[in-house]
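Results of the structural survey
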There are 2 protein chains.
Amino acid sequence: MIKIDYTNVMAEVIGERDGILREELLSFRHFVSETHQRIQKEKERKFYFAKLPYQDPTPILETAQHIRENFDYFVLIGIGGSSLGSIMLHEALNGFNYNNKKVPKFYVLDNVDPEKFEAVMENIEIEKTCFNIVTKSGSTVETIANFSIVYDTLKERLGDKYKEHLIFTTDPEKGFLRKLANEEGIKALDIPPLVGGRFSVLTPVGLLPAAVVGINIKDLLEGAKKMDLICSIEEHIEHNPAYLIALTHYIANMRRGKNIAVMMPYAERLSSFVDWYKQLWAESLGKDGLGQTPAKAIGTIDQHSQIQLYREGPRDKIITFIQVNNFKHDFKIPDDIPEDIHYLSGHTLKDILNKELLGTKAALIKSKVPNITITLDEINEYNIGMMIYLYELATGFSGYLYKINPFDQPAVEEGKNFTYALMGRKGYEAKLEEFKELYKEKYKIEIQ
Amino acid sequence: MIKIDYTNVMAEVIGERDGILREELLSFRHFVSETHQRIQKEKERKFYFAKLPYQDPTPILETAQHIRENFDYFVLIGIGGSSLGSIMLHEALNGFNYNNKKVPKFYVLDNVDPEKFEAVMENIEIEKTCFNIVTKSGSTVETIANFSIVYDTLKERLGDKYKEHLIFTTDPEKGFLRKLANEEGIKALDIPPLVGGRFSVLTPVGLLPAAVVGINIKDLLEGAKKMDLICSIEEHIEHNPAYLIALTHYIANMRRGKNIAVMMPYAERLSSFVDWYKQLWAESLGKDGLGQTPAKAIGTIDQHSQIQLYREGPRDKIITFIQVNNFKHDFKIPDDIPEDIHYLSGHTLKDILNKELLGTKAALIKSKVPNITITLDEINEYNIGMMIYLYELATGFSGYLYKINPFDQPAVEEGKNFTYALMGRKGYEAKLEEFKELYKEKYKIEIQ
C-alpha cells in the first residue's frame, strides 16, 4: 500500500502565498486530459519505460541464478543511471549488514576514485567474482576505466576463463562493449534502445543485480504494473498520483518560487531512493533555464541539520516526506529508566520516529512550508515498484508541463569532451585549445 | 596544503550577470575590517570555537587510549552536531574498510530508525563495547531513546559493571546525562558551554571518537590553529580564505540570486564532510527568510546526475569543488586494452578523476555557473583541521553579512515540542490541542 497525502500543499492549510488552491489544481484538468492521451500514445516511443513492468523476467532470473550458484562476489561496474537504481533496490530491500550474512556479496564501482577501487578489490577474491559491466553507450569513461583494469587482471589471473567472470549490460547492437562481447564471446544483456539510463532500473540494468542479491523482481514489476494501471485509468488530477506529484511541484516551482524539491524519508533504507530520484528529477527537468533542484534529507537526522533553514530560511522549498508504517524490527523503551526521561517509556523507536515526523510536519505547517507525505505500509518489492513507476511517470509528465524533453541530457556532453581533450584523445585537439582559452587560475589563496 | 581558487566566480570569467566584480568584492573592505575586529573580541564569547585549536588534548588522548586497550567496539550515540563531525573525521581520515581491519570497530547510532539500531546491535558484542553518549543538553530525544535501551541492556547483562561501558559527553553542569553521571559515577567529558553542537567537532564531541579510531587529533588541532592564525592576521579579503568564502557566497546569494550552495568533492572520503558542512551552513544561516540551501554532490558520480541541471537549469547555484591531489592508492589503466578505448592507456584513475573535474569546470564556465575550487594536497589530519576551521569561521563571519545570529537555531524547538506532545509528555497538553487543530489529512490518494 502507498498513500499520498497532499493536504499540506493546499492554500487552505498554508495560505495562498505558499499553497495551492484547489481551483488552481483543477484548472489544469484540460491540459492533464490531453497530456494523458499523448502519454498513452508515447508508450511505444519516448515513454517506453511504461512497457517495462510487462516484461517476462525469466531470462534475467536464469542468469541471476547462474551467478548465485557460481560466485561468492558480484561487482557492478557502472555510474549514474547504470548504478543508482541497483544501489537503491539493494539498500531499500536488503537493508543493512547484507554483505556480512549473504552471498554473493555485492559491491559497486561507480566512480574513478582510486581509493574506492582499492577498497572494493580488497574485499573480493577475483577468482570467485562475477563482474557486471553496465553502460548503455558502451563507452562511459569511468566504467570503461574500471573495466579495463578488471579485464586485464582477469585475463592475467584466469587465462581463457576470464570470459565466465564477465557479464555486460549494454545496447543490443551498438558500442564498444557490444562489439567486445560479440568478438570474444562474452555474455551480454540488452538495454532496450528506447530507455535512457535514468529510466532503466526496470531493465536488466537494475533487475539483474537485484535478482542476484535475492530481491523478488517479479513483485517489483507487479508493483510497477499496478501503478501503471492506476495511472493509465485515472486521468483526474486528484486520483492520479503521478500527475498530482508533477503538478503540485510544477505550481510550487513556477508560481510560488519553490526552486528546491526536498525528499526526506524517515527510514534510512530509503536513503539511496533519494539519490535515484535526484538524478531522475534533476537531469530530466533541468533544461532551458527551468527545473527544480532536488535536495536530500533523512529523518530524523536532518531535523538537527536542515529544519531550521526549511522553517525560517527563504520560502523556496517544497518537501516530500516518506513515512514507513512497519519495520522488520522494533525496540521498546524500557519501563525501568530514570524519572527525567520517563515520558519515553512504553514507546518504541518506530513510534518515536513517526511521531517526530508528525511533529516536524506540524512545525512546517506553522511556517507555511508546503509538504507532501508518501506513506508505505512497509518497504517491500511491490511498494518500491510502485514508487519507481510513480516517479518515472511524474517526471515524464512534468516534461509536458515545463515544455522540455525530459528524456535527453544535452548539457552533459560538454564536460566529457573537455575531459577527452585533457586526456589527449585523438580528434579533440580543438577542444583542448578551447579549454586553454577558458580555464585560468588567476585568483587564489594558498596555505601551507 | 590547501588552495582556494576563486577565479571562476569572477565577472571577468563568467560575466557580470552571474559573476562578481573585483571592485564589488573590495567594496566590502571597510565592513570586513570592522567585522574582523569584532570577531577577535568575540573569541571569548560567541566565537569561542576559535579557542578550541589551542586546547591541550592530553585528557582526551588518555581516555581514548583506555578505550582502545579495553574494548573491541566503540559505539557513538548522538545526532546532528553530536555525530556529523565524528562521522566526517572517521570517513575522511580512515577511509574505507576500517571496520574489517581495525579495532575498536566504530559504529554510530544517530537515528531512531529501528532497523539501523538492530543492524548496529547485530554487529557488536555488548560486553566488549564502549558506548559514548553525546548530547550537550543531555536530553536529545533520539539519543536518550537509544541510550535508554542500551543502558537497560548493559545493566541486565553486566550488573554493576555497566558503568565501565559508558562515557558521556555533555554539558559540564546541566542536563539529565550530567546528573546521571554524578549520581551513578559514570565517566563524563565536558562540552564547553559556549560551543554549540554544529561548532563542536574540535571539542570532546568529535575529538574523543576520532582519537579512539586512531586519528591524530594533535595534527587536526594544528591544522585548525594554522587556519586561525592566517585568518587572525589577514583582514584583507583577498588573503583571508574564510572571509573570501563567506563574501563570494553572500554576494552570489543576495545579489545574483544563487540560493543554492553546492559542495562537490572529487574524493569519496569527503562525502561526509559535505554532510557536516550542510548542517553548519543551513542551521547557522537559515534565518529571517535568509540563508542559502547547501546541496551535496559527489564527483564524478553526480556529473551523471546533476550537471545537466547545474549547466542548463535555473541560474541559482554557486558550486564549491574539492580536489585532492594525492590518494593513498592509484591504479594505472593497462596498455594492452582494445583499440577502441586505447586513449585511456597510461592514465591512472586519479588522473581521470581530476581531468573530469577540470572538464566539468570548463563546461560550467561556458555556462557561466560560478564555481570555487578548494584543492588539498592530500586528505590528512592537518588539512582537515584547516578545512573545519575555515568553514566554521566563514559561517560565523557570514552571520555579520546576513545580520543574523549564526549560533542559535530557534526554529528547531517547535517540532520537538509537537513530538513531546504526541508522546504524551506532561506539560505539553496545550501543544497537543494545537497539533490537532493544525494537522489534518484531507486530500489524499491511496493505492493498495
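Predicted, not measured: the structure shown is a model, and the values here were computed from it.

**Observations concerning the overall build of chain A**
Helix and strand counts for chain A stand at 18 helices and eleven strands. In terms of overall size, chain A behaves like a compact globule, its C-alpha atoms giving a radius of gyration of 24 Å where 448 residues would be expected to give roughly 22 Å. Seen along its three principal axes, the alpha-carbon backbone of chain A occupies a region of about 65 × 60 × 60 Å. When each of the 448 residues of chain A is scored for burial, the buried share is 60%. For chain A, long-range pairs separated by at least 24 residues make up 74% of all intrachain contacts whose partners lie at least 6 apart in sequence.

**Details of the pairing of strand β8 (residues 293–296) of chain B**
All names here are of chain B. Along β8, one buried face is formed by Thr293 and Ala295 and the opposite face, lined by Pro294 and Lys296, is buried too. Where strand β7 (residues 260–265) meets β8, four bridges bridge the pair, whose relative direction is parallel. Looking at the pairing, alanine 261 lines up with proline 294 of β8.

**As for the packing of helix α17 (residues 413–422) of chain A against helix α15 (residues 349–366) of chain B**
To characterise two packed helices, one gives the angle between the axes of the helices and the distance between these axes. Taken N-terminus to C-terminus, the directions of α17 of chain A and α15 of chain B make an angle of 130°; their axes are 7 Å apart at the nearest point. It follows from the interaxial angle that α17 of chain A and α15 of chain B lie oblique. Classified by chirality, the crossing of α15 of chain B by α17 of chain A is right-handed. Where α17 of chain A abuts α15 of chain B, its residues Glu414, Gly415, Lys416, Phe418, Thr419 and Leu422 of chain A lie against Lys355, Glu356, Leu358, Gly359, Thr360, Ala362, Ala363 and Lys366 of chain B. For the contact of α17 of chain A with α15 of chain B, the class distribution of residues is five nonpolar, four polar and five charged.

**Thoughts on unusual backbone geometry**
Of note, the amide linkage connecting valine 103 of chain A to proline 104 of chain A takes the cis form, showing an omega dihedral of -10°. One can find proline 104 of chain A in the loop between α6 (98–101) and β3 (105–109). Residue threonine 300 of chain A is bonded to the preceding glycine 299 of chain A through a cis peptide linkage, with omega at -5°. The phi dihedral of lysine 368 of chain A falls on the positive side, at around 60°, and the residue is not glycine. Look at lysine 368 of chain A and you get partly exposed, because 16 C-beta atoms sit within 10 Å. One non-glycine residue, lysine 403 of chain B, lies in positive phi territory at about 55°. By the element assignment, lysine 403 of chain B lies in the loop between α16 (381–402) and α17 (413–422).

**Describing the environment of alanine 261 of chain A**
All names here are of chain A. Turning to its location among the elements, alanine 261 is positioned in strand β7 (residues 260–265). For the pair alanine 261 and alanine 295, spaced 34 residues apart in the sequence, the C-alpha separation amounts to 6.0 Å. The residues touching alanine 261, leaving out its near neighbours within four places in the chain, are His249, Trp281, Gln292, Pro294, Ala295 and Ile318.

**Observations concerning the sheet that holds strand β1 (residues 2–5) of chain A**
Here six strands make up an open sheet; going across it, the order is β8(A)-β7(A)-β9(A)-β10(A)-β1(A)-β11(B) and the pairing mixed. Edge strands, defined here as strands with exactly one partner in the open sheet, are β8 (293–296) of chain A together with β11 (444–447) of chain B. Averaged over all pairs of adjacent strands, the angle between strand axes in this sheet comes to 15°, irrespective of strand direction. Bridge count between β1 of chain A and β11 of chain B: four bridges; the pairing is antiparallel. Note on β11 of chain B: the bridge partner recorded for lysine 3 of chain A is glutamate 446 of chain B. Of the strands in this sheet, β7 and β8 of chain A are in contact with helix α13 (residues 271–285) of chain A, which crosses β8 of chain A at around 170°. On top of the sheet, helix α16 (residues 381–402) of chain A reaches β1 and β10 (371–378) of chain A together with β11 of chain B; it is set at about 40° to β1 of chain A, its chief contact.

**Section: the interface of chain B and chain A**
On the side of chain A, 127 residues touch chain B, which itself brings 129 residues to the contact. A total of 14 residues in the side of chain B that touches chain A trace back to one element, the largest contributor, which is α15 of chain B. Residues that form the side of chain B that touches chain A fall into these classes: 59 nonpolar, 31 polar and 39 charged.

**Quick word on the sheet that holds strand β2 (residues 73–77) of chain B**
Residues and elements named next belong to chain B. Spatially, the five strands line up as an open sheet ordered β3-β2-β4-β5-β6, and their pairing is parallel. Two strands lie at the open edges of the sheet, namely β3 (105–109) and β6 (187–190), each paired on one side alone. In this sheet, adjacent strand axes meet at a mean angle of 20° when their direction is disregarded. As paired strands, strand β4 (residues 129–134) and strand β5 (residues 166–170) are joined by four bridges and run parallel to one another. From the neighbouring strand, isoleucine 133 faces β5, where its bridge partner is phenylalanine 168.

**Side note on the domain arrangement of chain A**
Residues and elements named next belong to chain A. Under the domain assignment used here, chain A contains domain 1 (2–28 + 237–402) and domain 2 (51–218). For domain 1 and domain 2, the distance between their C-alpha centroids amounts to 32 Å. In this complex, domain 1 contributes 18 residues to the contact, which on the side of domain 2 involves 18 residues. Breaking the side of domain 1 that touches domain 2 down by element, the ones donating at least two residues are α13 and α16. With nine residues, the single largest contributor to the side of domain 1 that touches domain 2 is α13. For the side of domain 1 that touches domain 2, the class distribution of residues is eight nonpolar, four polar and six charged.

About the criteria used
Residues numbered from 1 in each chain as written. Chains lettered and ligands numbered in written order. Predicted model: local features only at pLDDT ≥ 70, side-chain atom pairs only at ≥ 80, totals over all residues. Helix = DSSP H or I, 4+ residues; strand = E, 2+ residues; numbered from the N terminus. Rg over C-alpha atoms; globule rule 2.2 N^0.38 Å. Buried ≥ 20, exposed ≤ 12 C-beta atoms within 10 Å, placed from the backbone. Contact = placed C-beta atoms within 7 Å. Pairing = 2+ DSSP bridges. Axes fitted to C-alpha atoms, helices over the stretch in contact; angles between N-to-C directions. Parallel < 35°, antiparallel > 145°, perpendicular 65-115°, else oblique. Left-handed = near helix turned anticlockwise from the far one by under 90°. Nonpolar A, V, L, I, M, F, W, Y, C, P; charged D, E, K, R; others polar. Domains from an automatic or database assignment.

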